[in-house]
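A closer look at the structure
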Amino acid sequence: MLDLRLTRQLRTEGTLALPVAPGNGTLSQDAPPEATDDRGRLVCGGGLTEAELGEVDAFVRDIDHPGTAGTTHLLPRPTRQPSRLLLVGIGDGDEAGWRSAGAALALSARRDEACTVAMPGDAAPAAVRGISEGIWLASYRYRLGGDDPDRDPKLREVSLAFPGDDQTEADLDPMAGAAEALATAKAVAEATCFARDLTNTPSNIKNPAWFAERVVEAAGATPYLAVEVRDPAWLADQGFTALLSVGRASNHQPRLVRLAWAPPGATRHVVLVGKGITFDTGGIVLKPRDAMKLMRKDMGAAAAVAAAVLGAAALRLPVRVTALTPLAENAIGADAYRPGDVVRHVGGLTSEVLDTDAEGRLVLADALSYASRSLEPDVLVDLGTLTGAQHVALGRRTAALFSEDDTLASGLADAATAAGEFVWRMPLVDEYAEELRSDIADIANIASSSGGGAVTAALYLREFTGSARSRWAHLDMSAPAWSEAASAELTKGATGWGVRTLLRWLSGLAGR
Ligand code: BES
Ligand code: MN
Ligand code: ZN
């Protein structure tokens, strides 16, 4: 991640970014009335002289800068310093507006090595958090090939410059809130980028054991952070037969990772379960090429929950949180599980496998059942890239949320909105549950009639939540886990969806 710092010094070389807000008025008090409608206005002057500000002001009017979040305009001044002024819209000036501004700035200034942002002296910590997360998330790159000088960003250093004098102690105090916001943004962005890295990794590199190793490596020797990797023998012993069946045809056998952050004094226990299919061929019910080619992303939820726990540890959140990731590769082979097989789950319930491509719910069922029986969760939340139906219902950016607990549902939805991710609550329609009846097993893994595929998947999972049913939520993030193109703070490919939402929500639970 690039170097992002708070300063009191406005650099005189490279790009100086000046925030612009929409609305009436321009910088100068005596602007002509006709110039005061609906156009952008500079929010702060960034140490420029009166004369220079006059020029900038004229430019803002000339280009009709709207000040909307993420709109950028460049004013080159080749013979002077700073040699480029970047006018960046911050919209309402709330966290989301600053986040868009940060993302736009990272894109516009990617050819510079350094960039300074003129922050208003009264910028709230949320502004610092927003712009920092926007910059860090938008400048993320995943690349396995050599350098690509045409496309690799050069930007290495961004300074957020506050007006004032570095020398006086009193002046530094207001920066304390900004420093804390920057540290929070960094932990969140690092966790999100970790999840993106894992999810972008091709499936000839990543497999269940590989994923587990990355988590162990990332956990390091952090105090109060424990990680356990369970192998197939342990899984067989504990009754994870569904997970083992899904992964049976692969040369890379299943694993279960438990990553637990348990700081002293924290009592409430949140358990996060994430689907970790390192590649989904569909199994014997083989996916066609176009549906299969991106299925390396089918462990995006496992990556998100593991990253969220790492983030909680980095932020030292006073809440106990455990990530549980059932990991398997849904391969095709002579020993593959078949349509019509019946598999037994942790706790004893059985599923009739009517579709080997509905594998995510099978592995989540084992993990949810294990969590509710053995981990004593106060809250149980699962995430999965579970259904194409989620995309049909809500489109590419909004995840589907299911819960019987209104407080939990609104808590997660509010956290998502605040974090810049989106969820929409969908109903657990009891009447559809009968479509999951099986003649020979406790439940079938697909519904007998079509429609509402994300709903019936959630209803299936609900059967495995045991005594945690009323404190459980399910997030289907099939579509938002991936972005077909770079857009604001999302880069093309894995988005790390869920990390920001979960960390926001956990921070709220911890009273922050
Ligand atoms: N991993 C897929 C769901 C998916 C599809 C995620 C597209 C991301 C993008 C899941 O395992 C799957 O195959 N679901 C099936 C369920 C069906 C067989 C009931 C689906 O959605 O088609
Ligand atoms: Mn599948
Ligand atoms: Zn899948």
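Parameters at a glance
- Residues numbered from 1 in each chain as written.
- Chains lettered and ligands numbered in written order.
- Predicted model: local features only at pLDDT ≥ 70, side-chain atom pairs only at ≥ 80, totals over all residues.
- Heavy atoms only, no water.
- Helix = DSSP H or I, 4+ residues; strand = E, 2+ residues; numbered from the N terminus.
- Rg over C-alpha atoms; globule rule 2.2 N^0.38 Å.
- Buried < 20%, exposed > 50% of the residue type's maximum accessible area, 1.4 Å probe, protein only.
- Contact = heavy atoms within 4.5 Å.
- Areas by Shrake-Rupley, 256 points an atom, 1.4 Å probe, with all protein chains shown as cover.
- Lys, Arg positive; Asp, Glu negative; His and termini not counted.
- Charge placed at Lys NZ, Arg CZ, Asp CG, Glu CD.
- Domains from an automatic or database assignment.
- Buried area = accessible area lost by both parts, 1.4 Å probe.
- Salt bridge = Lys/Arg side-chain N within 4 Å of Asp/Glu carboxyl O.
- Polar contact = N/O pair within 3.5 Å; in protein donor to acceptor, adjacent residues only side chain to side chain.
- Pairing = 2+ DSSP bridges.
- Right-handed = clockwise from strand over helix to strand, strands pointing away.
- Axes fitted to C-alpha atoms, helices over the stretch in contact; angles between N-to-C directions.
- Left-handed = near helix turned anticlockwise from the far one by under 90°.
- Nonpolar A, V, L, I, M, F, W, Y, C, P; charged D, E, K, R; others polar.
- Donors = N, O, S within 2.8 Å, 3.2 Å for Na, K, Ca; no water.
- Tetrahedral: all angles 85-135°; square planar, octahedral: opposite > 155°, others 65-115°.
- Expected span 1.5 Å × (residues − 1).
- Phe/Tyr/Trp six-rings, centres within 6.5 Å; stacked < 30°, edge-to-face > 60°.

This brings us to the overall build of the chain. In terms of regular secondary structure, the chain is built from 15 helices and 21 strands. Here the chain has a C-alpha radius of gyration of 25 Å; the compact-globule value for 512 residues is 24 Å, and the two agree. Its C-alpha atoms give the chain principal-axis dimensions of roughly 80 × 50 × 45 Å. For the chain, the proportion of its 512 residues judged to be buried stands at 56%. Taking the contacts inside the chain whose residues are at least 6 apart along the sequence as the reference set, 75% of them involve residues at least 24 apart. For the chain, the accessible surface area stands at approximately 20700 Å², while carbon and sulfur atoms represent 49% of it. Distance from the positive charge centre (50 side chains) to the negative charge centre (66 side chains) of the chain: 4 Å.

What follows concerns the environment of Pro 163. With respect to the helices, strands and loops of the structure, Pro 163 is situated in the loop between β7 (157-161) and α4 (169-172). For Pro 163 and Arg 8, which are 155 residues apart along the polypeptide, the C-alpha to C-alpha distance reads 5.9 Å. Sequence-distant contacts of Pro 163, that is, excluding residues within four places in its chain, are made with Arg 8, Met 119, Pro 120 and Gly 121.

What follows concerns the domain arrangement of the chain. Splitting the chain by domain gives domain 1 (3-163) and domain 2 (187-509). Put simply, the middle of domain 1 and the middle of domain 2, counted by C-alpha atoms, are 38 Å apart. Interface area lost by domain 1 to domain 2 is led by Leu 137, Tyr 140 and Tyr 142, which between them contribute 48%. Where domain 1 touches domain 2, the interface holds one salt bridge. Residue Arg 504 pairs with Glu 95 through a salt bridge whose shortest N-O separation is 2.5 Å. Across the domain 1-domain 2 interface, the total number found is six residue pairs in polar contact (both at pLDDT 80 or more). Elements supplying a minimum of two residues to the side of domain 1 that touches domain 2: α2 (95-108) and α3 (125-138).

On to the pairing of strand β16 (residues 398-403), then. On any regular strand, side chains alternate: one points to one face of the sheet, the next to the other face. Burial runs high along β16: six of the six residues are buried. Residues Thr 398, Ala 400 and Phe 402 line one face of β16 and the alternating positions Ala 399, Leu 401 and Ser 403 line the opposite face, and both faces are buried. Sheet topology places β16 next to strand β17 (residues 422-425); four bridges connect them, and they run parallel. By the bridge assignment for β17, Ala 399 is matched with Val 423. Remark: the β16/helix α13 (residues 406-419)/β17 crossover connection has right-handed handedness. Both β16 and strand β19 (residues 472-476) contribute to a ladder of four bridges, which runs antiparallel. In the strand pairing of β19, Phe 402 is matched with His 474.

Between α2 and α3, the shortest axis-to-axis distance is 7 Å and the interhelical angle comes to 35°. In the packing of α2 onto α3, the handedness of the crossing is right-handed. Across the interface between the two elements, Glu 95, Trp 98, Arg 99, Gly 102, Ala 103, Leu 105 and Ala 106 of α2 pack against Ala 126, Ala 127, Arg 129, Gly 130, Ile 131, Glu 133, Gly 134, Ile 135 and Ala 138 of α3. Here the residues of the contact of α2 with α3 are counted per class, giving nine nonpolar, three polar and four charged.

The next point concerns the coordination of the manganese ion (ligand 2). For a metal bound by four donors in a tetrahedral arrangement, the ideal donor-metal-donor angle is 109.5 degrees, while six donors in an octahedral arrangement ideally sit at 90 or 180 degrees. Around the manganese ion (ligand 2), the donor atoms from the protein are Asp 280 (OD), Asp 357 (O), Asp 357 (OD) and Glu 359 (OE), and they sit 2.0 to 2.2 Å away. Between the six donor atoms coordinating the manganese ion (ligand 2), the angles at the centre fall across 72 to 169°, so the site counts as irregular. Read N to C, the donor residues that coordinate the manganese ion (ligand 2) are spaced as D-x76-D-x1-E.

Structurally, Arg 196 can be placed in helix α5 (residues 175-200). C-alpha separation for the pair Arg 196 and Gly 300, spaced 104 residues apart in sequence, amounts to 7.9 Å. Those residues in contact with Arg 196 that lie beyond four places of it in its chain are Leu 137, Tyr 140, Glu 489, Leu 490, Thr 491, Ala 494, Thr 495 and Gly 496. Polar contacts involving the side chain of Arg 196 include one to the main-chain carbonyl oxygen of Thr 495, which spans 3.1 Å.

It is worth spelling out the coordination of the zinc ion (ligand 3) at this point. Donor atoms from the polypeptide that bind the zinc ion (ligand 3) are Lys 275 (NZ), Asp 280 (OD), Asp 298 (OD) and Glu 359 (OE), placed at 2.0 to 2.4 Å. Classification of the site at the zinc ion (ligand 3) rests on its six donor atoms, whose angles at the metal span 78 to 172°, yielding the label octahedral. Read N to C, the donor residues that coordinate the zinc ion (ligand 3) are spaced as K-x4-D-x17-D-x60-E. In this structure, the zinc ion (ligand 3) lies 3.1 Å away from the manganese ion (ligand 2), the two metals sharing Asp 280 as a donor.

Turning next to helix α6 (residues 208-219). The end-to-end C-alpha distance of α6, which contains 12 residues, comes to 17 Å, matching closely the 16 Å that a straight helix rising 1.5 Å per residue would cover. Taken together, the buried positions of α6 are Pro 208, Trp 210, Phe 211, Ala 212, Arg 214, Val 215 and Ala 219. Its buried side turned inward, α6 meets α5, β8 (225-230), β9 (255-261), β11 (276-280), α10 (300-314) and β12 (320-330). Two or three places before Ala 209, at the opening of α6, Asn 207 has a side-chain oxygen 3.1 Å from that residue's backbone nitrogen. Immediately beyond the C-terminal end of α6, within one or two residues, lies Gly 220, with a positive phi of roughly 50°.

As a further point, take the side chain of Arg 214. Take Arg 214: it is sitting in helix α6. For Arg 214, a relative accessible area of 18% gives the class buried. Setting aside chain neighbours within four positions, we find Arg 214 in contact with Phe 194 and Leu 198.

Buried residues dominate helix α14 (residues 453-462), accounting for nine of its 10 residues. Those residues of α14 that sit buried are Ala 454, Val 455, Thr 456, Ala 457, Ala 458, Leu 459, Tyr 460, Leu 461 and Arg 462.

All right, on to the packing of aromatic side chains then. Under the definition given, this model contains five aromatic pairs. Measuring from ring centre to ring centre gives 5.4 Å for Phe 240 and Tyr 370, while their planes differ by 50°; the resulting arrangement is tilted. Of this pair, Phe 240 sits in the loop between α7 (232-238) and α8 (241-247) while Tyr 370 sits in helix α11 (residues 360-374); the two residues are 130 residues apart in sequence, bridging distant segments of the chain. Its relative accessible area of 0% is what places Phe 240 among the buried residues. Exposure remark for Tyr 370: the relative accessible area of 11% places this residue in the buried category. Three or more aromatic residues joined by ring pairs make a cluster, and in this case those are Trp 234, Phe 240 and Tyr 370.

Inspection of the secondary structure puts Gly 466 in the loop between α14 and β19. Separated by 103 residues in sequence, Gly 466 and Val 363 place their C-alpha atoms 16 Å apart.

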